Structures are given as C-alpha cells and as structure tokens.
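Observations on the three-dimensional arrangement
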Amino acid sequence: SSDDVVDHIRDQVPSDGPQFTGASRMDLPTSGVLVVALGHHESASANYVQAQFAGRLVAKTYHCLCSGRWLGAVGSTGVRSAPLRPVTIHDSYSRSYVSEVGLDAYTSFCVKAHYELEVRPEMQTGGFTFLEVRPVTGRTHQIRVHLASLGRPLVSDAAYG
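Residues numbered from 1 in each chain as written. Predicted model: local features only at pLDDT ≥ 70, side-chain atom pairs only at ≥ 80, totals over all residues. Heavy atoms only, no water.

Turning next to the overall build of the protein. Tallying secondary structure elements over the protein gives 3 helices and 8 strands in all. Secondary structure elements of the protein, listed N to C terminal, follow the sequence α-β-β-α-β-β-β-β-β-β-α. Within the protein, buried positions represent 32% of all 161 residues. Counted over contacts in the protein with a minimum sequence separation of 6, partners at least 24 positions apart contribute 58%. Surface summary for the protein: the accessible area is close to 10200 Å², and the carbon and sulfur share equals 55%. (Helix = DSSP H or I, 4+ residues; strand = E, 2+ residues; numbered from the N terminus. Buried < 20%, exposed > 50% of the residue type's maximum accessible area, 1.4 Å probe, protein only. Contact = heavy atoms within 4.5 Å. Areas by Shrake-Rupley, 256 points an atom, 1.4 Å probe, with all protein chains shown as cover.)

This is the structure in structure tokens:
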C-alpha cells in the first residue's frame, strides 16, 4: 500500500534526518508518483499539500490498458459519472461498487489507441483500448470500478476484471 511505501522510505532515512508524511495514495498495483510532504503529519507543509488534494487542485493523469471493445474512435473523450460505495471486506481490504447510495464520482477519459490481437477465430479477445484517464473525484478504486462498469476492465485487474 501507499503507507507501506512511505514507511519503507522512512526506514531508509536516518533517525535524525527530515520527517515526511504521505500526502496521497495509490491503489496496488498502480505505478506512478507518490507525493510526500516534508514534516510530520500535522506540520504546515503536510497540511498544505493534503489540502491541495482535498480541494481537487491537483490534476492526476493515468494511462490505462483496458480489455474489451473500443470506447470510441482515437481522440474521442467521455466522462463516467456513477456514484461509488466503498465496502470494507476486512481490516486491510475494501472494494467499491457503483451504487445509488454511494458518493458522487466522476472520471474523464480520452481514447489514445486501439489494439487487436491476431489469434485463432475461436478465441474472442474483443481487443484492447489504451486510455488517458483523469479522476475528477478521488474515490476508492474509482478508475478501476468506473472502467469495469463500462465493460472495459483494466487488463490483469483480478478484483474488478
């Protein structure tokens, strides 16, 4: 988890070295930049950086390879608007579902490429779509759930695919 990464980095810093706090989080197995703030979790710098995320002032862009038929021509854009409801499965794991009683969630996307595999006719792959995705809100597993709800789960997403 993001917390595990921050803890690992913290373990590498000498005890008299600078303190830092995780300011954002990423789902496993997402790769990318994990933002940290200099200072302890109640410091002005940590509060400032965390407020940027809470106020939706930080633009996040993800590149996603999805299974299934195309979501439009290359260059086309769309928005998935569906409320999400997180459900805790056990202490360290939760899932989210599209639900009328969930929290508002918005994800915009742009189709960047389409891919077809040349396989035997009896193997129906449906192809793949490469998307540039921007979550407007930051709900648990938002991109994964929104794309799966469109019938285009992330490639190799065991939880939602």
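Moving on, we come to a nonpolar patch on the surface. On the surface, Leu-65, Tyr-115 and Val-155 cluster together into a nonpolar patch covering about 230 Å² of accessible area. Here Leu-65 shows up in strand 3 (residues 62-67). For Leu-65, a relative accessible area of 35% gives the class partly exposed. (Patch = residues over 30% accessible without salt bridge, like charges linked within 9 Å, V, L, I, M, F, W, Y side chains within 5 Å. Salt bridge = Lys/Arg side-chain N within 4 Å of Asp/Glu carboxyl O.)

Attention now moves to the side chain of Ser-99. Position of Ser-99 among the secondary structure elements: in the loop between strand 6 (93-98) and strand 7 (106-115). Excluding its chain neighbours within four sequence positions, the residues that come into contact with Ser-99 are Pro-83 and Arg-85.

What follows deals with the nonpolar core. Counting residues in hydrophobic clusters, the biggest one holds 9 residues: Cys-64, Cys-66, Phe-109, Val-111, Leu-131, Val-133, Ile-143, Leu-147 and Leu-154. Residue assignment for this core shows that the elements contributing at least two residues are strand 3, strand 7, strand 8 (128-135) and helix 3 (142-149). (Core = buried A, V, L, I, M, F, W, Y, C linked by side-chain atoms within 4.5 Å.)

Attention shifts here to the packing of aromatic side chains. Counted according to the given criterion, the structure contains 0 aromatic pairs. Directly above the ring of Tyr-160 sits Arg-95, whose terminal nitrogen or CZ lies 4.4 Å from the centroid. (Phe/Tyr/Trp six-rings, centres within 6.5 Å; stacked < 30°, edge-to-face > 60°. Lys NZ or Arg CZ within 6 Å of the ring centre and 35° of its normal.)

Confidence along the protein averages 85 in pLDDT terms, with 92% of residues attaining 70 or more. Within the protein, the lowest mean pLDDT, 78, falls on helix 1 (residues 2-12), and the highest, 96, falls on strand 4 (residues 77-81). (pLDDT = per-residue confidence, 0-100.)

Counted residue by residue, helix 3 has 6 buried out of 8 residues, so it is predominantly covered. By the burial criterion, the buried members of helix 3 are Gln-142, Ile-143, Arg-144, Val-145, His-146 and Leu-147. Among the structural elements, strand 3, strand 4, strand 5 (84-90), strand 6, strand 7 and strand 8 are those in contact with the buried residues of helix 3.

We now examine the environment of Pro-18. Here Pro-18 lies in the loop between helix 1 and strand 1 (20-22). Residue Pro-18 is classed as exposed on the basis of its relative accessible area, which comes to 54%.

Considering the arrangement of structural elements, one finds Tyr-93 in strand 6. Along the sequence, Tyr-93 and Asp-157 sit 64 residues apart, while their C-alpha atoms lie 15 Å from each other. Excluding residues within four positions of it along the chain, Tyr-93 makes contact with Thr-88 and Ala-159.

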